[in-house]
Amino acid sequence: MLEINNLHVKLEDEDKAILKGLSLDIQAGSVHAIMGPNGSGKSTLSYVLAGRGGYQVTDGTARLEGEDLLEMEPEERAAAGLFLAFQYPVEIPGVGNMTFLRTAMNAQRKARGEAELSSGDFLKLVRSKAKDLKIDADMLKRPVNVGFSGGEKKRNEILQMAMLEPRMCILDETDSGLDVDAMKLVAEGVNALRSEGRAFLVITHYQRLLDHIKPDVVHIMADGRIIKTGGPELALEVENNGYADILAEVPA
Amino acid sequence: MNAAAAPNTRAGRMAARLAATEDRLSGLVLPAGAGWLARAREAALARVKSMGLPGKRDEYWRFTDPADLMSDAPKPAEVFQITDEPAMFMGVDRLKIVFIDGVFSAKDSDPLDEEGLEVIRLSDVAATDIHWAQELYGTLEAEAQTPVQRPLAALNTARAADGVLIRVTGQVSRPVSLVYQRQRDDAELILHHVIRVESGAQLTLLENGPGAARCSIVTEIDLADDAHLHHVRAMGRDHQRRALTHVFARLGARARFKSFTLAMNGALVRNEAMVWLNGANGVAHLAGAALGDGVFHHDDTVFVTHAAPGCESRQVFKKVLHHGAVGVFQGKILVEQPAQLTDGYQLSQSLLMDDACQFLAKPELEIYADDVKCSHGSTSGEIDADHLFYLRARGVPEDVAKQLLILAFLAEALDEIEDHHLAEDMRLRLKRWLNRHAD
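Residues numbered from 1 in each chain as written. Chains lettered and ligands numbered in written order. Predicted model: local features only at pLDDT ≥ 70, side-chain atom pairs only at ≥ 80, totals over all residues. Heavy atoms only, no water.

A. Highlighting empty space enclosed by the protein. All names here are of chain B. Applying the stated rule across the entire model yields 3 cavities of 30 Å³ or more. As a volume, the largest cavity reaches approximately 120 Å³. Lining the largest cavity are 13 residues; nearest its centre among them are Tyr 180, Gly 209, Pro 210, Ile 217 and Met 235. When contributions to the lining of the largest cavity are tallied by element, the ones reaching two or more residues are β7 (202–208), β8 (214–223), β9 (228–234) and β10 (242–251). Lining the second largest cavity, in full, are Arg 233, Val 247, Ser 259, Thr 261, Asn 271, Glu 272, Ala 273, Leu 286, Ala 287, Asp 300, Val 302 and Phe 317. (1 Å grid on protein atoms, 1.4 Å probe; cavity = no way out; pocket = protein on both sides within 12 Å on 5 of 7 lines; lining within 4 Å. Points joined across faces, edges and corners; volume = space filled by probe spheres on them. Helix = DSSP H or I, 4+ residues; strand = E, 2+ residues; numbered from the N terminus.)

What follows is the structure in C-alpha cells.
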C-alpha cells in the first residue's frame, strides 16, 4: 500500500535535515505504529506524505500503491486515497463543516471519475457516521472546528476519515489532548474502518492509544530514521523502559 | 483675507485654497429652484467656499486623491454591459425608482404612490413647503462638517438637481429600490436623497449602480425613535467608474440602521458614512465587501458618534484585492461622555492576493465615557496557508479551496444583510466574480 524508501527531507528555507533515510513498507490491511521521542521527525513524515509545503525531499521515494506520491499535489494524494488526521486540526471560520465535507467528498469523487453524491444521500451518510462518533447536529452546522474542544476536533478528523473512506490513513498523534473516554471513541471509529483493503499508520508518543488500536507492526523512530521494528510488544517495552534503552542499542 | 500671507504657511495655503476654490466655482450655476431648496443650495455653496475644495495633501484624503472626483468634467468611462448574470435585485418585489445617466426616468420607474410612503422627486419640489424635508436637506451634511470637513458633500448639496425625498410613515410592504443606470460614456450623476423614517416605521432601501462615469450621491437619513432602516447597496461592475458617496444618518432612541455595500470593480470609489447615535439604545451596523482586480481603488471612510447611552455600533469592512488593487479604510468610533454602556466594534480586513496590492488603514477610537466596550481590529494578509493546506489535504482542489476561504473571509460582512435571500444572491455574485478573476 505505502512504500517509503530511503526518504531524506530537509526544511525548505533552512539547511536542516529532518528525515535521514527513512524506509517503511505498509501492506494493505495492516496497522503500523510509529513511536519515537520528540523531535524524531514523526510529524514531518506525516506532513511530507500529505504534501504540505515548506519541506524539500532531497532523496528517496514514497509510493502509494505504486504511484509516486511526491509528484502529486495534496488534493491529488487525497483523491488517490491518502488521508492525514492532523495533530492540530485548524479552525476555519466562515466555512461550514457540512459544506467543507461535501465539497471535499465530491471533489475526490470527481477526481476519480465518480458521480457526485446527491445532497440527500450526503446528509443521510454524514448523520449516521456522526452519530457513531457522538458528533451532534450542532457541531456539523458550525464552521470547521471553530469553538470545538480538543476531543471534538479529533472526532471531527475521524468523521472526515469515515466519510472519505481513504485507503491509507495516517493518524498524527490523534491521542494527544484526549481524555480516556474520548480516546476510546476515536479508537472505535478507527477500528470500525479497519479492513482488508485499508492500511493505517498510527503516529503516537504513548502506548495507551495502541491498547485500543492494536497494531500489527511497531516502529521506533529517532533522528529521522526507523531504528527498530517489532511487534506490539515493542510498544510495551517503550512504555515500561522509555526510549533510552532502545536508542542506546543503535550505533550512532 | 491676508493676501500677503506667505504661501508656505498654513494660513497662506488656506488663503490660496480658498482663492482657487472661489475661482473654480465662480462659473457654477446652481440648479433652477426657488424657496427653501434654493436657499439650502446657496448655503451649501457658501460652505464649500468657506472650507475650500480638498487636496490630496489633506490628512483626510491622504490615501485617496480627490482630484478625479472634482475635476471639471468626468473622465469618460466605458459603459459595462452585464450579460452573464441577472440584474441586481431582479427577483425582488420592490418599488423601482430609476435614474438614467443621473436623471429620473418616470417611464422606467414605478408609480410613486405607495402605502405608508411619501416619495417626492427633488426636481419637483419647486417652492412647495415640505417641512420634514426642508428641515433635513443639507442639515445633516452641514452637521457632518465637524470635526472633519467634507466640502465635496456640501458641493453635492449645492449642485444636485435630482434625487428623492422619502418619508416613511408606516409599514411599507416592499423595499424602495433606487436604480442608477447608465447609457453615456461621459455622464455625470449628482443625486441628493433625503429619507425620514417616522417613529416605529420601517423601510428597506436598495440601491444599485453604477449610474454614470462619475457619481456623487449624498443620502441624508433621519430615523425617529424606534424607526428601522435596512440599506443594501450594490455599486455595479463598471471598471472605469469613479464614485463618491456620503451617507449621513441620525438615529433616535432604539432606532436601527443597517447598511451593507457590495463593490465589485471601480477605478476610484470613496464611500463615506457618518452616523450619529443620538438616542439611547440605538443600533447602527455598517458593512461592506469590496473586490478589485487591477485598476481599483476603494475607500471606506466611516465615522460613528455615540452621543447617547446603551447604543451598539458595528463596522465590518472586508476587501479582496488582486493585481495591484488598492483598498483604504478610515474608520472612527467616537464615544462622547454621556454615551455610557456603549458597545462599539470595528473590523477592517483585506486579503491581499499578491504582493502588488495595498491596504491602507486608519482605525481610530476616541472615548470619553468610562463604562464602554469598544474593540477594533485591522488586518491585511494572504490566505492562511494552514487553512489552504487543510482543505487541499481533504481533496479540495487549490482554486476551489481558495474560493471557499475568500467567501469565508467575506462572510462576516455579508452576515450584516438581514434578508437571507439577498445575502445569498450577493454571495453567488461574489462567487462568480471570484471565478472570473481566478488566477
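B. View of the sheet that holds strand β5 (residues 67–68) of chain A. Residues and elements named next belong to chain A. One open sheet accounts for 4 strands, arranged β2-β1-β4-β5; its pairing is antiparallel. Two strands close off the open sheet at either side, each with one partner strand: β2 (17–26) and β5. As paired strands, strand β1 (residues 2–11) and β2 are joined by 7 bridges and run antiparallel to one another. Residue Leu 2 lies in a different strand from β2, and its bridge partner there is Ile 26. Sheet strands touched by helix α1 (residues 42–50): β1, β2 and β4 (55–64). Its angle to β1, the strand with the most contacts, is close to 105°. (Pairing = 2+ DSSP bridges. Contact = heavy atoms within 4.5 Å. Axes fitted to C-alpha atoms, helices over the stretch in contact; angles between N-to-C directions.)

C. Layout of the nonpolar core. One finds A:Leu45, B:Phe260 and B:Met426 to be the most contacted residues of the largest nonpolar core, which totals 120 residues. At 10 residues, the largest contribution of residues to this core is made by helix α8 (residues 398–414) of chain B. When neighbours within four sequence positions are excluded, B:Met426 is seen to be in contact with B:Met88, B:Phe89, B:Val232, B:Ala234, B:Phe260, B:Leu262, B:Leu414 and B:Ile417. Counting 55 residues, the second largest nonpolar core, distinct from the first, contains B:Ile166, B:Leu229, B:Ala308 and B:Cys357. (Core = buried A, V, L, I, M, F, W, Y, C linked by side-chain atoms within 4.5 Å. Buried < 20%, exposed > 50% of the residue type's maximum accessible area, 1.4 Å probe, protein only.)

D. Highlighting the sheet that holds β7(B). Residue and element names in this part refer to chain B. Strands sit in the order β2-β1-β5-β7-β9-β11-β13-β15-β17-β19 across an open sheet of 10 strands; the sheet is mixed. The sheet is open, and its two borders are formed by β2 (103–104) and β19 (373–381), each paired with just one other strand. With 6 bridges connecting them, strand β1 (residues 95–100) and strand β5 (residues 176–181) associate as parallel partners. Considered in β5, the bridge of Lys 96 is made with Ser 177. Helix-sheet contacts for α8 involve β11 (256–264), β13 (283–293), β15 (312–322) and β17 (343–352), and the interaxial angle to β15 is about 150°.

E. Expanded view of the side chain of B:His306. Residues and elements named next belong to chain B. Locating His 306 in the fold gives a position in strand β14 (residues 297–306). Given the relative accessible area of 0%, His 306 is considered buried. Not counting the four nearest positions on each side in its chain, His 306 is found in contact with Leu 277, Cys 311, Glu 312, Ser 313, Ile 333, Leu 334, Val 335, Glu 336, Ala 339, Thr 342 and Asp 343.

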